[in-house]
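# Coordinates in review
Chain by chain, the residues:
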Amino acid sequence: MLTELDTIQTEALAAIRDVAEETALEAARVGFLGKKGRLTVAGAGMRDVPAERKKDVGQKLNEVRTAITSALEEKSAELIARRDAAAFASIDPTLPGRPLPQGGLHPLTLVLDEAVRILRRMGFALAEGPEIESEWHCFDALNTPADHPARNETDTFYFENGKLLRTHTSSVQIRTMEKEIPPVRIIAPGSAFRRDEIDATHLSAFHQLEGLYVDRGVSLADLKGTLEYFFREIFGSKTEVRFRPHFFPFTEPSFEVDLKLHAAGRAAKWIEIAGCGMVDPAVFTEVGAKRGDAAYDPDSVTGFAFGMGLDRLAMIMYGIPDLRLLIENELRFLEQFRG
Ligand code: PHE
């Protein structure tokens, strides 16, 4: 048996030495060490070895197994090293790497960041409210009667439970006044939703930036000054701003704000950018009733509010001709804003 084991070892080591690829090496392993492999079969012969020789033969068996196993391991390492070397042969590791495509901020985010930066410097703090709103926060508390066209099913997305997708960020005015006492000076950027036909200047999900300032003695002059300063900061000191009398249920008086645009090669044109006004005392009364205190007593506080379209702001800032570009995620468009 000892001679047989020697023979197996010699043959195994020779076979392994000659192997040139990984599948052949595996075949050799199975051929010698597998369940029906030669060494395994020979090992089964231990049964017939007389008791006094079992120790020697057993030891030999182990030596042979160890020798074969380490030969297999060595060869395997050698084959892997050779495969790696072949794979790397076609690569020049001294070449500079290929640059990874770099992400950038969406134009809306850029405009929003700039707007928030300017308004925070003026003392406005960020506030937020839910996009799924109650009718009370979106309309009733904002002095909007039940028969107002904005509340129509054809203008507003309603849920079956009576809630709705907020049609403007003005609901955050109410949310803020419910929680906080004057003075409040907040801005609330966010999404708003209307059942508008989507076209170059309308989206059904769009973005607004709401502002609210309530304190003793806040005046229309404060409102005008704030918005004029804001638009000149964002679009340049020569920007012309116009306040056009308008109507909103929750402000009195109310205005629409227009900016004069000087697009290259075209006659200058006014474009509507925001709604604003002095908070209607009826809103303070409604909030006061909900709060159950006199913090917003319309005889002692006044306020102004504004809401501007962020998508429009981006359009003007970057000369974007069609709002739909903002939601199409077309890379050729977005890549132009990479900082
Ligand atoms: N919520 C109004 C709109 O969406 C804008 C607005 C906000 C007007 C605040 C006045 C005061 O058109």
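About the cut-offs
Residue numbers run consecutively from 1 along every chain, following the written order of its sequence. It should be noted that, the model being predicted, local features are given only for residues of pLDDT at least 70 and side-chain atom pairs only at 80 or more, the latter also being counted only at that level, while totals for whole chains, interfaces and linings use all residues. In computing side-chain properties, one takes all heavy atoms of the structure into account and sets aside hydrogens as well as water. A pair of strands counts as paired when DSSP detects no fewer than two bridges linking them. Counting from the N terminus, the helices are the DSSP runs of H or I reaching at least four residues and the strands are the DSSP runs of E reaching at least two. Only heavy atoms matter for contacts: two residues are in contact if any of them lie within 4.5 Å across the pair. The angle between two axes is taken between their N-to-C directions and runs from 0 to 180 degrees, where each axis is a line fitted to C-alpha atoms and a helix contributes only its stretch in contact. Proximity is defined per residue: any heavy atom of the residue falling within 4 Å of a molecule or strand makes that residue near it. Polar contact is defined as a pair of N or O atoms within 3.5 Å, subject to the rule that within protein one atom must be able to donate a hydrogen and the other to accept it, and that residues adjacent in sequence are counted only when both atoms are side-chain atoms. For the area figures, the Shrake-Rupley method with a 1.4 Å probe applies, and any residue is considered shielded solely by the protein chains shown. The distinction between a cavity and a pocket rests on a 1 Å grid over the protein atoms alone: a 1.4 Å probe fits inside a cavity but cannot get out, while a pocket stays open yet meets protein on both sides within 12 Å along at least five of seven lines, and a residue with an atom within 4 Å of a point counts as lining. More than half of a molecule's atoms lying within 2 Å of a cavity's or pocket's grid points is what places that molecule inside it. By the convention adopted, Pro, Cys, Tyr, Trp, Phe, Met, Ile, Leu, Val and Ala count as nonpolar, Lys, Arg, Asp and Glu as charged, and the other residues, Gly among them, as polar. We define a salt bridge as a contact between a side-chain nitrogen of Lys or Arg and a carboxyl oxygen of Asp or Glu at a distance within 4 Å. Relative accessibility decides the category of a residue: with a 1.4 Å probe and only protein chains considered, values under 20% of the type maximum give buried, values over 50% give exposed, and everything between is partly exposed. We define the nonpolar core as a collection of buried residues of types Ala, Val, Leu, Ile, Met, Phe, Trp, Tyr and Cys that are connected through side-chain atoms lying within 4.5 Å of one another. Classification of ring pairs uses Phe, Tyr and Trp, with its six-membered ring standing for Trp, and accepts pairs whose centres are within 6.5 Å; under 30 degrees between planes counts as stacked, over 60 as edge-to-face, and the remaining range as tilted. For a Lys NZ or an Arg CZ to count as sitting over a ring, it must be within 6 Å of the ring centre and within 35 degrees of the ring normal.

### Brief notes about the sheet that holds strand 6 (residues 241-248)
On the basis of which strands lie adjacent, the open sheet formed by seven strands has the order 1-4-5-9-8-7-6 and mixed pairing. Of all the strands in the sheet, the pair left with one neighbour each is strand 1 (125-126) and strand 6. Of the pairings in the sheet, the one linking strand 8 (residues 269-279) to strand 9 (residues 302-309) comprises five bridges and is antiparallel in character. Directly across from Met-278, in strand 9, lies its bridge partner Phe-304. The sheet contacts of helix 8 (residues 220-235) involve strand 6, strand 7 (251-261), strand 8 and strand 9, and relative to strand 9 the element is tilted by about 30 degrees. Strands in contact with helix 9 (residues 281-291) are strand 5 (205-215), strand 8 and strand 9; relative to strand 8, the strand with the most contacts, it is inclined by about 50 degrees.

### So, the side chain of Thr-226
Within the fold, Thr-226 resides in helix 8. With near-sequence residues (within four places) excluded, Thr-226 lies in contact with Met-122, Phe-124 and Phe-304.

### Things to note about the site of the ligand
Taken together, 14 residues surround the ligand, and among them His-168, Ser-170, Arg-194, Gln-208 and Gly-307 come closest. Between an oxygen atom of the ligand and a side-chain N or O atom of Arg-194, the distance comes to 2.9 Å. Take Gln-208: an N or O atom from its side chain is 3.0 Å from an oxygen atom of the ligand. Considering the ligand on its own, with 330 Å² of exposed area, one finds that the protein chains cover 90% of that surface. Comparing atom positions with the cavity grids shows the ligand to sit within the largest pocket. Secondary-structure elements contributing two or more residues to the shell around the ligand are strand 5, strand 8 and strand 9. Counted by class, the shell around the ligand contains five nonpolar, seven polar and two charged residues.

### Brief notes about the pattern of salt bridges
Summed over all chains, the structure comprises 19 salt bridges. Asp-18 is the salt-bridge partner of Arg-17, the closest N and O atoms lying 3.9 Å from each other. One exposure class covers both Arg-17 and Asp-18, and it is exposed. What you see here is one network of salt bridges that share partners, running through Arg-242, Arg-244, Glu-256 and Asp-258.

### Points about the nonpolar core
Core analysis: the largest hydrophobic core is formed by 42 residues, its most contacted members being Leu-227, Phe-230, Phe-231, Val-257, Phe-306, Met-308 and Leu-313. No other element matches the six residues that helix 5 (residues 107-121) contributes to this core. The residues touching Phe-306, leaving out its near neighbours within four places in the chain, are Leu-119, Phe-124, Ile-187, Leu-209, Glu-210, Gly-211, Leu-227, Gly-275 and Cys-276. Ranked by size, the runner-up nonpolar core spans 21 residues in total, among them Trp-136, Ile-186, Val-287 and Ala-305.

### Some details on the packing of aromatic side chains
Applying the stated criterion to the full structure yields nine aromatic pairs. Between Tyr-213 and Phe-304, the aromatic rings sit 5.5 Å apart at their centres with planes inclined by 80 degrees, giving edge-to-face as the arrangement. Here Phe-304 lies in strand 9 and Tyr-213 lies in strand 5, a separation of 91 residues in the sequence. Side by side, Tyr-213 and Phe-304 carry an identical accessibility label, which is buried. These aromatic residues form a ring-pair network of at least three members: Phe-124, Tyr-213, Phe-304 and Phe-306. Over the face of the ring belonging to Tyr-213 we find Arg-185, whose NZ or CZ atom lies 4.8 Å from the ring centre. The ring of Trp-136 carries Lys-290 above its face, with NZ or CZ at 4.3 Å from the centroid.

### Focus: the pairing of strand 6
Pairing of strand 6 with strand 7, which is carried by seven bridges, proceeds in the antiparallel orientation. Residue His-246 lies in a different strand from strand 7, and its bridge partner there is Ser-254. Linkage of strand 6 to strand 7, two consecutive antiparallel strands, is achieved through a turn of two residues.

### A look at unusual backbone geometry
Cis peptide bonds are those with omega within 30 degrees of zero, and the linkage from Pro-182 to Pro-183 qualifies with 0 degrees. With respect to the element layout, Pro-183 can be found in the loop between helix 7 (171-179) and strand 4 (184-193). Cis geometry is adopted by the peptide bond preceding Pro-253, which originates at Glu-252 and carries an omega value of -5 degrees. If you check the backbone angles, Asn-143 has positive phi at about 60 degrees while not being a glycine. Examined against the element boundaries, Asn-143 turns out to sit in the loop between helix 6 (135-138) and strand 3 (164-165). Here Asn-143 falls in the partly exposed class, since its relative accessible area comes to 32%.

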